[in-house]
Amino acid sequence: MTDIKSMNLCELTEYITSNGFERFRAKQILTWIKHDAESFDDMKNLPLKLRDFLKNDAYLAGAEIINAQHSRIDDTVKYLYRLYDGEYVEGVLMSYHHGRTVCISTQVGCKMGCTFCATGKSGFSRSLTASEMISQIRSAELDCGERISNVVLMGMGEPFDNYDNVIRFLKLVSSEDSLNIGMRHITVSTCGIVPRIYDFADLELQCGLSISLHAPDDTSRSRTMPINRRYQVKELIKAAKYYVDKTNRRITFEYALIDGKNDTDEVAYALSELLKGILCHVNLIPVNNVTGAGYKKSSLKRQQAFVDILSANGINATVRRTLGSDIDASCGQLKRKFMKGDA
Ligand code: SAH
Ligand code: SF4
């Protein structure tokens, strides 16, 4: 079956004409998709023959919200989405004074197995298509009744383990035929799949890149992030520098502060040394609670001491405010609570 919602105008035109239909029908179909048509029968200005063909050959992928949990402490909403084949992913809607941000999933589960992350503990089923990523945004928009201004690919899954679909998504979602969300308003986060960082840099997109670092040395990084055994810190930092040079964009490093593990003064000095001279920002996240992970947040005093050392050494760093903690909607807390066929 053909996933026509993942196609751009050019591809859709090729698909339609090669099956014997007029080229202008492609634009009509895209307009229907943009107006949230749920079935090919909704596409009233298409001839019956084309609708029948599409019904047999294509599908309209979606991400249907089947549950929305609202935080009582802030405006965060956690969504449970159902995909066309009965798989589930989670996403989070966050409200800031500058607009609405949605955090979307790129895979059902994740193969990377980071020890502090609930997604990593819940196994892997499949990667998402571009249309399923777009649908998560559009469904959130329809649910909250407002335009989504920013998107982060920080939900379930490792975006660079689903590289082609993620790039397709970025190009599509930022086009006028789709949601028209500018690349500058989108951030991709990776655990550090080095070859894909180079590929991404070479595309010179205006999209933000965030690297989940969490430790400045190989011994402790490999302990929590298995990907580090494949691509070590030195290689990762080299790739990060390449990205900055190539795009002239500031890169973000995510760093979860774990009590007694990676939050000492000594580690803060090592991190400062590692990042010296790189156009970057360090996002410090007091580690979120994940059942079975056994990690504790660093104390407020430790968080401050850590940030102070980075700042004193010229590294731009802030401690990120935790949103949606009462509904397990914070970083690393999304997981496959429902398995295919559950609901
Ligand atoms: N797979 C990608 C993106 C999804 S994870 C990545 O790893 O970058 C989104 C972010 O949440 C990453 O920075 C990840 O390291 C972080 N994270 C995962 N578990 C966490 C936890 N328990 N506390 C704080 N941050 C966590
Ligand atoms: Fe996967 Fe990112 Fe979680 Fe690691 S932190 S297991 S890469 S989702």
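Residue numbers restart at each chain and count upward from 1, following the sequence in its written direction. As they are written, the chains are lettered A onward and the ligands numbered 1 onward, keeping that order. Two thresholds apply to this predicted model, a pLDDT of at least 70 for residue-level local features and 80 or more for giving and counting side-chain atom pairs, whereas whole-chain, interface and lining totals are computed over all residues. Heavy atoms from the whole structure form the basis of all side-chain values; hydrogens and water molecules are not counted.

Novice: Any chance you could explain the site of ligand 2 here in plain terms?
Specialist: Residue proximity to a molecule or strand is established when one non-hydrogen atom of the residue lies within 4 Å of it. Around ligand 2 lies a shell formed by Cys110, Met112, Gly113, Cys114, Cys117, Gly120, Gly157, Glu158 and Cys191. Three categories are distinguished: nonpolar for Ala, Val, Leu, Ile, Met, Phe, Trp, Tyr, Cys and Pro, charged for Asp, Glu, Lys and Arg, and polar for the others, with Gly belonging to the last. Tallied by class, residues from the shell around ligand 2 come to 5 nonpolar, 3 polar and 1 charged.

Novice: How should the pairing of strand S10 (residues 186-190) be read in this particular structure?
Specialist: Looking along a regular strand, one sees the side chains alternate between the two faces of the sheet. Counting buried positions along S10 yields 4 of 5 residues, so the element is predominantly enclosed. Relative to strand S11 (residues 208-212), S10 runs parallel, the two sharing 4 bridges. Each residue of the ladder has a partner; that of Thr187, found in S11, is Gly208. Assignment of crossover handedness uses the view with strands pointing away from the viewer, where a clockwise path from the first strand over the helix to the second indicates a right-handed crossover. Secondary structure elements follow DSSP: runs of H or I of four or more residues count as helices, runs of E of two or more count as strands, with numbering from the N terminus. In this fold, S10 hands off to helix H7 (residues 194-203), which returns the chain to S11; that crossover is right-handed. Burial classes: relative accessible area under 20% of the type maximum marks a residue as buried, over 50% as exposed, and values in between as partly exposed (1.4 Å probe, protein chains only). Strand pairing is assigned whenever DSSP detects at least two bridges linking the two strands.

Novice: What is the right way to look at the nonpolar core in this model?
Specialist: Proteins that are soluble and globular tend to have nonpolar side chains buried together. For this analysis, a nonpolar core means a set of buried residues of the types Ala, Val, Leu, Ile, Met, Phe, Trp, Tyr and Cys, connected via side-chain atoms within 4.5 Å. Counting residues in each nonpolar core, the largest one holds 92 residues, and the members touching the most others are Ile137, Val151, Phe169, Leu170, Phe200, Ile251 and Leu275. Residues within four places of Ile251 in sequence aside, it is in contact with Leu209, Ile211, Ala240, Tyr243, Val244, Ile278, Leu279, Cys280 and His281. Membership of the second largest hydrophobic core comes to 19 residues, among which are Ile4, Leu30, Phe40 and Ala58. The contact rule is simple, with two residues in contact once any of their heavy atoms fall within 4.5 Å.

Novice: Please clarify how the site of ligand 1 should be interpreted in this entry.
Specialist: By nearness alone, 21 residues border ligand 1, and Phe116, Ser189, Ser212, His214 and Asn288 come closest of all. Between ligand 1 and the protein, one listed contact pairs a nitrogen atom with a backbone N or O atom of Phe116 at 2.8 Å. A distance of 3.2 Å separates a nitrogen atom of ligand 1 from a polar side-chain atom of Glu158. Throughout, the Shrake-Rupley method with a 1.4 Å probe supplies accessible areas, and for residues the shown protein chains are the sole cover considered. Considering ligand 1 on its own, with 530 Å² of exposed area, one finds that the protein chains cover 96% of that surface. Here a polar contact is recorded for every N or O atom pair within 3.5 Å, except that within protein the pair must consist of a potential hydrogen donor and a potential acceptor, and residues adjacent in sequence are included only if both atoms are side-chain atoms.

Novice: Can you walk me through the packing of aromatic side chains in this structure?
Specialist: Two descriptors summarise a pair of aromatic rings, namely the distance from one centre to the other and the angle between the planes of the rings. In summary, the pairing rule links any two rings of Phe, Tyr or Trp, Trp by its six-membered ring, whose centres are within 6.5 Å, and it sorts them by plane angle into stacked for under 30 degrees, edge-to-face for over 60 and tilted for everything else. In the structure shown here, the tally under the stated rule is 9 aromatic pairs. Measuring from centroid to centroid gives 5.4 Å for Phe21 and Phe53, while their planes differ by 40°, and the two rings are tilted. Of this pair, Phe21 sits in the loop between helix H1 (9-18) and helix H2 (24-34) while Phe53 sits in helix H3 (residues 48-57); the two residues are 32 residues apart in sequence, bridging distant segments of the chain. Here Phe21 falls in the buried class, since its relative accessible area comes to 13%. For Phe53, a relative accessible area of 18% translates into the label buried. Residues Phe160 and Phe200 carry aromatic rings whose centres are separated by 5.3 Å and whose planes lie at 50° to one another, so their mutual orientation is tilted. Placement of the pair is Phe160 in the loop between strand S9 (150-153) and helix H6 (163-173) and Phe200 in helix H7, with a sequence separation of 40 residues. Joined through ring pairs, the aromatic side chains of Phe160, Tyr163, Phe200 and Tyr243 make up one cluster.

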